[in-house]
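# Observations on the three-dimensional arrangement
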Amino acid sequence: MKTISGTNLEQAKSHNRRVVIEAIRTNGPMSRAAIARITALTTQTVSNIVEELARSHLLIPMEAQRIARGQPIIPYTINPNGAYSIGLELGRQRAAGVLTDLSGSVRARIERHVDKPGPTEAMPVLADIVRDLLEAFSFDRDRLLGAGIALPGRYADGGVTSLSPLNLPGWQDFPVARELQRYIKVPVIVENDATAAAIGERLYGVARGLGSFVYLFLAGDGGIGAGMFLDGHLYKGSRANAGEIGHIIVEPHGRLCSCGKRGCLDRYVSPSVAYECLGIENAQELLPDDLDAMIAANSRGLEVWLEQAVQPLRQTIDFLELAFDPQTIVLGGSAPTTLMTQLAARLEPLHIPVNPEEERTIPRLMVGATGKDTAILGAAALPIFSETNPQFDVLQKPIIHRTVQQL
Ligand SMILES: [Zn+2]
């Protein structure tokens, strides 16, 4: 079992609630005594929190287990219907939304065709998608935590203003979260696609419950970025741009990059380079399955890309392992499945690790579990993560509550 430390300080009640939810999410159904043992909280504190979470429908009691002596034990589990969240995704040709429950299961999905939308076109389309999602599945609206949207691009202070999503005109400095919130009337969280995918993978995928991992995100219509979880924290950097690894120089004096430097990782590994090698000019206009089929059918083009992509990416993984000592590296993203699986297979063997003798329980490199849905499920995970993940810096600074429902 994983140890997740709590605290008995009164001002950290919210933190403790999150620790209890995280303990059950990571370990499965647990009794109050078992939760107290692994969180280092007192039984009384755990009892109070569990009762409160059960009253607000986030936890449900399971059937009591009778034991020989004493009170029967009641395990508690996460109630999938205890909270809901909306995930939104916007591409050049497609806008999509999902409604997920607290366990990450998709309860409704809506898609709309768009054509290289600017913000003024996109906002009403996204609002329509949200309205249709809420009509498609009926639930207690008080349990809707909010909506998340994952967008590519760099971020300004606070991570709310996207600087270059979609590489489309009109999005520069557009306050996505504020404007979308005005349309849909629920709290909106905007996050870059790599970070959103890392959050989704941690809540529901192969990185479930891991404290330290790096998520390498290959964007279907763009480059490569990283989302980082370090010691239980989402690490975002001083200007929320940590993980912009696409612009690490892997080839001094190499190919010119859009950032102005030469030899960036992006120019060798990104899916857009793969499409160049494969001779696919309209990748962003194709349906995902058609694109995947075209890639699989062109093994020579694929080989040309792999030849140039594998070594720089292996070198980057070596650097990330040495710099951050993660439990694992997860490769995923919205790039076509064939690109992802071929690349992952060819990356082995990785460079020699810092301690070659160490017996590993978790592989050094894993492929993400959420597949092509990674960005939209990650987006839906944003409000849930924001409300339920233990924030270990809570003891140093007060947290600002943006809760729909006090957790
Ligand atoms: Zn660059």
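What you see as residue numbers is a count from 1 along each chain, following the sequence as written. Where totals are concerned, whole chains, interfaces and linings use all residues; where local detail is concerned, this predicted model gives features only for residues with pLDDT of at least 70, and gives and counts side-chain atom pairs only at 80 or more. Water and hydrogen atoms were dropped before computing side-chain values, which therefore reflect all heavy atoms in the structure.

- Looking at an unreviewed UniProt entry, one finds the protein chain named Sugar kinase of the NBD/HSP70 family, may contain an N-terminal HTH domain, with Rhizobium lusitanum as its source organism.
- UniProt positions are given in the numbering used here, feature names are shortened, and annotations may be inferred rather than shown by experiment. Under the UniProt heading Sequence similarities (unreviewed entry), the entry covering the protein chain gives this text: "Belongs to the ROK (NagC/XylR) family."

## Points about the overall build of the protein chain
- Strands here mean DSSP runs of E at least two residues long; helices mean DSSP runs of H or I at least four residues long; both are numbered from the N terminus. Helices and strands together make up the secondary structure of the protein chain, namely 12 helices and 12 strands.
- Burial classes: relative accessible area under 20% of the type maximum marks a residue as buried, over 50% as exposed, and values in between as partly exposed (1.4 Å probe, protein chains only). Out of the 407 residues belonging to the protein chain, those deemed buried represent 54%.
- Sequence-distant contacts, at least 24 apart, represent 62% of the contacts inside the protein chain between residues at least 6 apart.
- In this description, accessible areas are obtained by the Shrake-Rupley approach with a 1.4 Å probe, and a residue is regarded as covered only by the protein chains that are shown. About 18800 Å² of surface is accessible on the protein chain, with carbon and sulfur atoms providing 50% of the total. Residue contacts are counted whenever heavy atoms from the two residues lie within 4.5 Å of one another.

## So, the packing of helix H1 (residues 13–27) against helix H12 (residues 374–388)
- Note on definitions: angles span 0 to 180 degrees between N-to-C directions of axes, and those axes are lines fitted to C-alpha atoms, for helices only across the stretch in contact. Where H1 meets H12, the closest approach of the two axes is 9 Å, and the angle between their N-to-C directions is 120°. Taken together, the axes of H1 and H12 are oblique relative to one another. On the side of H1, the interface is formed by Arg18, Ile21 and Arg25, while H12 contributes Ile384, Phe385, Ser386, Glu387 and Thr388.
- Residues that form the contact of H1 with H12 fall into these classes: three nonpolar, two polar and three charged. Roughly parallel means an angle under 35 degrees; roughly antiparallel means over 145; roughly perpendicular covers 65 to 115; every other angle is labelled oblique. When residues are sorted by character, Ala, Val, Leu, Ile, Met, Phe, Trp, Tyr, Cys and Pro go into the nonpolar class, Asp, Glu, Lys and Arg into the charged class, and all the rest, Gly among them, into the polar class.

## What about the packing of H1 against helix H2 (residues 32–39)?
- As a packed pair, H1 and H2 sit with axes 10 Å apart at the nearest point and diverge in direction by 105°. Between H1 and H2, the crossing angle belongs to the class labelled roughly perpendicular. Contacts between H1 and H2 involve Val19, Val20, Ala23, Ile24 and Asn27 from the first element and Ile35, Ile38 and Thr39 from the second.
- The residue inventory of the contact of H1 with H2, partitioned by class, reads six nonpolar, two polar and no charged.

## Quick look at the environment of Tyr275
- With respect to the helices and strands, the residue Tyr275 is situated in helix H8 (residues 271–278).
- Each C-alpha atom, one on Tyr275 and one on Asp221, is 9.9 Å from the other, the two residues being 54 residues apart in sequence.
- With near-sequence residues (within four places) excluded, Tyr275 lies in contact with Gly220, Ile280, Ala283, Leu291, Ile295, Pro336 and Leu339.

## A closer look at the coordination of the zinc ion
- Only His247 (ND1), Cys257 (SG), Cys259 (SG) and Cys264 (SG) from the protein reach the zinc ion as donors, at distances of 2.0 to 2.3 Å.
- Sites may look incomplete because water is not among the atoms; the donors themselves are N, O and S atoms within 2.8 Å of the metal, or within 3.2 Å for Na, K and Ca. Angle rules define the geometry names used: all angles between 85 and 135 degrees makes four donors tetrahedral, while opposite donors over 155 degrees apart and all other angles between 65 and 115 make four donors square planar and six octahedral, leaving every other case irregular. Coordination at the zinc ion is tetrahedral: its four donor atoms span angles of 102 to 121° at the metal.
- Along the chain, the residues that donate to the zinc ion are spaced as H-x9-C-x1-C-x4-C.
- Using a relative accessible area of 31% as the deciding quantity, one classes Cys259 as partly exposed.

## Description of unusual backbone geometry
- Residue Pro349 is bonded to the preceding Glu348 through a cis peptide linkage, with omega at -5°.
- The topology assignment puts Pro349 in the loop between helix H11 (337–347) and strand S12 (365–367).
- The backbone phi angle of Asp231 is positive, close to 50°, even though this residue is not glycine.
- Inspection of the secondary structure assignment puts Asp231 in the loop between strand S9 (224–230) and strand S10 (233–235).
- We classify Asp231 as exposed; its relative accessible area is 65%.
- Phi at Asp325 is positive, roughly 50°, even though this residue is not glycine.
- The residue Asp325 is located in the loop between helix H10 (299–324) and strand S11 (328–332) in this model.
- Judged by relative accessible area, which is 61%, Asp325 ranks as exposed.

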